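# Fold and contact review
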Amino acid sequence: MLSEYLLIGEITRPQGVRGEMRVKPCTDDPMRFAELEQVYFKQGDAYAPRGMKFVRLAGPDVVIIRLDGVDDANAVEALRGRELYVDRAHAVELPED
């Protein structure tokens, strides 16, 4: 059975003091973050949505994002190491083969 949610990144650390965070993408196309309106955190067996406020690419292996409700570096620290997911409805279509 296929999972309804796909791993797309991991929060690595705060970027500044205003709630921005560095994310290590787990996708071939880090710019896909710019197309998302929300991501999901896994909580037990459930997935909780969190709105995206800001996205920018900081290199091939780093995406800077800001999430709704995360307004300072302390809030980002609390999320360090958390994985970000996307639901299959917003997954990137893969080519044949």
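First, a word on what this report is: a plain description of the structure on this page. Here, residues in each chain are numbered from 1, in the same order as that chain's written sequence. Restriction of local features to residues with pLDDT of at least 70 applies here, the model being predicted, together with a cutoff of 80 or more for giving and counting side-chain atom pairs; totals for whole chains, interfaces and linings are based on all residues. Side-chain calculation: all heavy atoms of the structure are included, whereas hydrogens and water are not.

## Points about the pairing of strand 5 (residues 63-67)
It is a general feature of regular strands that their side chains alternate between the two faces of the sheet. The line we're drawing: Relative accessible area decides the class of each residue, using a 1.4 Å probe on protein chains only: under 20% of the type maximum gives buried, over 50% gives exposed, and in between gives partly exposed. The helix and strand labels rest on DSSP assignments: H or I over at least four residues marks a helix, E over at least two residues marks a strand, and numbering proceeds from the N terminus. Strand pairing is assigned whenever DSSP identifies at least 2 bridges connecting the two strands.
For strand 5, the buried fraction is high: four of the five residues fall into the buried class. Bridge count between strand 2 (residues 20-25) and strand 5: four bridges; the pairing is antiparallel. Across the sheet, Arg22 pairs through a bridge with Ile64, a residue of strand 5. Pairing of strand 4 (residues 46-57) with strand 5 involves five bridges; the strand directions are antiparallel. Residue pairing for strand 5: Leu57 is matched across the bridge by Val63.

## Structural notes on the nonpolar core
To be explicit about the condition: Nonpolar core, defined: a set of buried Ala, Val, Leu, Ile, Met, Phe, Trp, Tyr and Cys residues in which side-chain atoms within 4.5 Å join the residues together. The contact definition used throughout considers only heavy atoms, calling two residues in contact when any of these lie within 4.5 Å.
Membership of the largest hydrophobic core comes to 17 residues, with the highest contact counts inside it found for Ile11, Met21, Val23, Phe33, Ile65, Leu67 and Leu84. The element best represented in this core is strand 5, accounting for three residues. If sequence neighbours within four positions are ignored, Leu84 has contacts with Leu6, Leu7, Ile8, Gly9, Ile11, Val23, Phe33, Val39, Tyr40, Phe41 and Ile65.

## Considerations on the pattern of salt bridges
As a reminder, the rule being used: What counts as a salt bridge is simple: a side-chain nitrogen of Lys or Arg found within 4 Å of a carboxyl oxygen of Asp or Glu.
What the rule picks out here adds up to four salt bridges. Across the pair Arg66 and Asp71 runs a salt bridge, and its minimum N-O distance is 3.4 Å. Note that Glu77 and Arg80 form a salt bridge whose closest N and O atoms lie 2.6 Å from each other. Residue Glu77 is classed as partly exposed on the basis of its relative accessible area, which comes to 37%.

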